[in-house]
Amino acid sequence: MLKFDFNKKSPAMELLLLLCLCLLTRSGVTSAQLNRPTVISVEGGADVMLPCSPSTKEDIEYKLFVWRKVAQKDDGLKEVFDYNAGSHYNNGLDGQSEAFKGRVSHFPEELEHGNASIIIRNTKISDSGEYTCDFPQLKPPQTFYIELVVDPLKDRSAIRGAAQEPYITTLKATKDWELLQCKVNGNPEPEVKWQDSAGNQLPAEEPQVEKRGFFYITLNVTKSDRYRCVATQTTIHRNISAETDVHIYAHSSGPQTYPSDQNLRKVMIGVAVGVLAEFLFS
Ligand SMILES: *[C@@H]1O[C@H](CO)[C@@H](O)[C@H](O)[C@H]1NC(C)=O
């Protein structure tokens, strides 16, 4: 721990103190607490991104941010998404409201750029309302307001030829890998993709094939995760997905494994930022 004795004044110390005060004042002034909510509209059934970023754009990988849906007249407050230094609602953290389970994710790769945005998939009319994105541990704490309007008249599932929810099956499984197949209908032809739980697109085993009006795409997975099959029909703005949990018992490194030096780099940056913060604010 780095500690400074501010009673022993030196010119360098005074300069540092001034810098601290300046930083604190700046983040206070730019706080969005007085801002009006950002309004976002979406067609029912589509996915929507709710944007949020602290005014300082600082690295929030080791910080806390909390997304809530404000209580409406006929509905209580809802816990939408919590992220706390790596733990979140999609990797074991408890407390998410039932209404949002399995539909919300964040952008892990974007945290270091201060991006706390979330995606809500398959929006429902009942998702309409006011949301808050909070950074309770920042100095000063910051809160952002977003109003989501889900348009009932634009429910794409009512359109003829709209793809229905994809159907996922396991074609083959060994202790090291599993071969997943995703089957989707739809006309116009949907574009079908596989993603991991972090939203990264994964390379399919073979190109999308069509058989009697259904489209098939297979994926070979070598690590435990939640995998999502996403079907998109751009011309009718239809986007629908299904997901499945895969447990691989033998731990082997496959193409989906992240390079560990990248993680190490992030930890190092996190530690460096932590030390710097300690240095500035103690
Ligand atoms: C956050 O990241 C997502 C995905 O990369 C991007 O689309 C979005 O614009 C970013 N938002 C902010 C507030 O930086």
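Summary of the structure given here. Model, not experiment: these values are computed from the prediction.

Examining unusual backbone geometry
Glycine aside, residues mostly have negative phi, and peptide bonds are mostly found in the trans state.
And step 1. Looking along the chain, the bond that leaves Lys139 and enters Pro140 is cis, with omega of -5°.
And step 2. Here Asn187 and Pro188 are connected by a cis peptide whose omega angle stands at 10°.
And step 3. The backbone phi angle of Lys57 is positive, close to 55°, even though this residue is not glycine.
And step 4. Inspection of the secondary structure puts Lys57 in the loop between β2 (48–50) and β3 (64–69).
And step 5. Unusually for a residue other than glycine, Asn122 sits at a positive phi of about 50°.
And step 6. Checked against the element boundaries, Asn122 lands in the loop between β7 (118–120) and β8 (129–135).

A few points about the state of the cysteines
And step 1. For the structure shown, the criterion picks out two disulfides.
And step 2. Here Cys52 engages in a disulfide with Cys133; their sulfurs sit 2.0 Å apart. Between Cys52 and Cys133, the S-S dihedral sits near -85°, and the bridge is therefore left-handed. Note that Cys52 is positioned in the loop between β2 and β3 and Cys133 in strand β8, a separation of 81 residues in sequence.
And step 3. We classify Cys52 as buried; its relative accessible area is 5%.
And step 4. By relative accessible area, Cys133 is classed as buried at 0%.
And step 5. Across the disulfide from Cys182 sits Cys229; the S-S distance is 1.9 Å.

Some thoughts on the site of the ligand
And step 1. The full set of residues close to the ligand is Met49, Phe107, Glu110, Asn115 and Ser117.
And step 2. In the model, an oxygen atom of the ligand is placed 3.1 Å from a nitrogen or oxygen of the Glu110 side chain.
And step 3. Asn115 places a side-chain nitrogen or oxygen 2.3 Å from an oxygen atom of the ligand.
And step 4. For the ligand, whose accessible area on its own is 360 Å², the fraction buried by protein is 54%.
And step 5. Tallied by class, the residues present in the shell around the ligand amount to two nonpolar, two polar and one charged.

Some remarks on the sheet that holds strand β12 (residues 191–195)
And step 1. Pairing in this open sheet of four strands is antiparallel, and the strands run β13-β12-β16-β17 from one edge to the other. Unpaired on one side and paired on the other, β13 (201–202) and β17 (238–246) mark the two borders of the sheet.
And step 2. Pairing between β12 and β13: two bridges, direction antiparallel. When the bridges of β13 are listed, Gln195 appears paired with Gln201.

What to know about the packing of aromatic side chains
And step 1. Summed over all chains, the structure comprises six aromatic pairs.
And step 2. Measuring from centroid to centroid gives 6.1 Å for Phe135 and Phe144, while their planes differ by 85°, and the two rings are edge-to-face.
And step 3. By way of ring pairs, the aromatic residues Phe65, Phe81, Tyr83, Tyr89, Phe135 and Phe144 are connected into one cluster.
And step 4. Above the ring of Phe214, the side-chain terminus of Lys183 is found at 4.4 Å from the ring centroid.
And step 5. If you follow Lys211 out to its NZ or CZ, it ends over the ring of Tyr216, 5.1 Å from the centre.

About the thresholds
Residues numbered from 1 in each chain as written. Predicted model: local features only at pLDDT ≥ 70, side-chain atom pairs only at ≥ 80, totals over all residues. Heavy atoms only, no water. Helix = DSSP H or I, 4+ residues; strand = E, 2+ residues; numbered from the N terminus. Disulfide = S-S within 2.5 Å. Buried < 20%, exposed > 50% of the residue type's maximum accessible area, 1.4 Å probe, protein only. Near = heavy atom within 4 Å. Polar contact = N/O pair within 3.5 Å; in protein donor to acceptor, adjacent residues only side chain to side chain. Areas by Shrake-Rupley, 256 points an atom, 1.4 Å probe, with all protein chains shown as cover. Nonpolar A, V, L, I, M, F, W, Y, C, P; charged D, E, K, R; others polar. Pairing = 2+ DSSP bridges. Phe/Tyr/Trp six-rings, centres within 6.5 Å; stacked < 30°, edge-to-face > 60°. Lys NZ or Arg CZ within 6 Å of the ring centre and 35° of its normal.

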